[in-house]
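Listed below are the residues making up each chain.
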Amino acid sequence: MPGIDECLLDVMRLPGARGAAVVDWTSGLALGTIGDSPNGDHEATAAETAEVARMAAEQPAFAAGLPEAPTAAPGTDVTGTPLVEDVIVTTRAGYHILRFVETDFDSSVFLHLWLDRAEGNLALARIRLGEMAERLVLA
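Criteria and cut-off values
- Residues numbered from 1 in each chain as written.
- Predicted model: local features only at pLDDT ≥ 70, side-chain atom pairs only at ≥ 80, totals over all residues.
- Heavy atoms only, no water.
- Helix = DSSP H or I, 4+ residues; strand = E, 2+ residues; numbered from the N terminus.
- Buried < 20%, exposed > 50% of the residue type's maximum accessible area, 1.4 Å probe, protein only.
- Contact = heavy atoms within 4.5 Å.
- Areas by Shrake-Rupley, 256 points an atom, 1.4 Å probe, with all protein chains shown as cover.
- Pairing = 2+ DSSP bridges.
- Axes fitted to C-alpha atoms, helices over the stretch in contact; angles between N-to-C directions.
- Phe/Tyr/Trp six-rings, centres within 6.5 Å; stacked < 30°, edge-to-face > 60°.
- Core = buried A, V, L, I, M, F, W, Y, C linked by side-chain atoms within 4.5 Å.
- Patch = residues over 30% accessible without salt bridge, like charges linked within 9 Å, V, L, I, M, F, W, Y side chains within 5 Å.
- Salt bridge = Lys/Arg side-chain N within 4 Å of Asp/Glu carboxyl O.
- Lys, Arg positive; Asp, Glu negative; His and termini not counted.
- Charge placed at Lys NZ, Arg CZ, Asp CG, Glu CD.
- Parallel < 35°, antiparallel > 145°, perpendicular 65-115°, else oblique.
- Nonpolar A, V, L, I, M, F, W, Y, C, P; charged D, E, K, R; others polar.

Asker: Looking at this structure, how should I read the overall build of the chain?
Answerer: When its secondary structure is counted, the chain shows three helices and five strands. Secondary structure elements of the chain occur, N-terminal to C-terminal, as α-β-β-α-β-β-β-α. Looking at the chain residue by residue over its 139 residues, the buried ones come to 47%. Sequence separation of 24 or more characterises 50% of the internal contacts of the chain that already satisfy a separation of 6 or more. As displayed, the chain has an accessible area near 7,400 Å², and 53% of this comes from carbon and sulfur atoms.

Asker: Where do I start with the sheet that holds strand β4 (residues 94-101) in this structure?
Answerer: Either a parallel or an antiparallel arrangement is found when strands of a sheet pair, and the pairing is made through backbone hydrogen bonds. Strand order in the open sheet formed by five strands is β2-β1-β5-β4-β3, and the pairing between neighbours is antiparallel. Of all the strands in the sheet, just β2 (29-35) and β3 (86-90) have a single pairing partner and so form its edges. Averaged over all pairs of adjacent strands, the angle between strand axes in this sheet comes to 15°, irrespective of strand direction. As paired strands, strand β1 (residues 17-24) and strand β5 (residues 109-116) are joined by seven bridges and run antiparallel to one another. Within β5, the position partnered with Val22 by the bridge is Leu111.

Asker: Hey, could you run me through the packing of aromatic side chains in this one?
Answerer: Two aromatic rings, taken as a pair, are described by how far apart their centres are and by the angle between their planes. For the structure on display, the rule yields two aromatic pairs. Taken together, a centroid distance of 5.9 Å and an interplanar angle of 85° make the contact between Trp25 and Phe100 edge-to-face. With Trp25 in the loop between β1 and β2 and Phe100 in strand β4, this residue pair connects regions lying 75 residues apart in the sequence. Assessed through its relative accessible area of 4%, Trp25 is described here as buried. The exposure class assigned to Phe100 is buried, which follows from its relative accessible area of 6%. Ring geometry for Phe100 against Phe110: centres 6.3 Å apart, planes inclined by 55°, an arrangement best described as tilted.

Asker: What's the story with the nonpolar core in this structure? I'm lost.
Answerer: By size, the foremost hydrophobic cluster in this structure holds 20 residues, and its most contacted members are Val11, Leu111 and Leu113. Residues in contact with Val11, not counting those within four places in the same chain, are Ala17, Ala20, Leu113, Leu129 and Met132. Core analysis: the next-biggest nonpolar cluster, separate from the first, contains 14 residues, Ala21, Ala30, Val87 and Phe100 among them.

Asker: How do you make sense of the side chain of Arg99 when you look at a structure like this?
Answerer: Relative to the helices and strands, Arg99 resides in strand β4. If sequence neighbours within four positions are ignored, Arg99 has contacts with Glu85, Asp86, Val109, Phe110, Leu111, Arg126, Leu129, Gly130 and Ala133.

Asker: Would you take a moment to explain a negative patch on the surface for this structure?
Answerer: A cluster of like negative charges, contributed by Asp41, Glu43, Glu48 and Glu51, occupies part of the molecular surface. Note on placement: Asp41 falls in the loop between β2 and α2 (42-57). Classification of Asp41 by relative accessible area gives partly exposed; the value is 37%.

Asker: In this structure, what is going on with the packing of helix α1 (residues 4-11) against helix α3 (residues 122-135)? I would like to understand it.
Answerer: Geometry of a packed helix pair, given as the angle between the helix axes and the separation of the axes. Packing of α1 against α3 leaves a shortest axis separation of 10 Å and a crossing angle of 170°. With respect to each other, α1 and α3 are oriented roughly antiparallel. Side by side, α1 and α3 meet where Cys7, Asp10 and Val11 of the first sit next to Leu129, Met132 and Arg135 of the second. Taken together, the residues of the contact of α1 with α3 break down into four nonpolar, no polar and two charged.

Written out as structure tokens, the structure is:
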């Protein structure tokens, strides 16, 4: 089972990958980064994408029809797993995929992939990112 560094190296093997990070969405801190950052600053990008992830994860509209426990953190089930699987933001030049990672402790982590629109395959990247998120081991 790969750790953060191995997972990020695998992510960068995806066609069109420009940069990637593992981010804690409650604090906005990057736990690991690789490649380029859209604004040239991995830490700023982590904070910005964490805000988007947090807003999506905590909105009841995105979890309609899914059981949410009253004692769980907003946007999570009883195990602390986010009810939202991923968020995709499309720009003229690329895609940003935020894939939530289930963990044994609090599941406040996501993978962020910045994908070049001309060279990348959004469907493939989303599938592969999901597979990587399942195998990621956070210690």
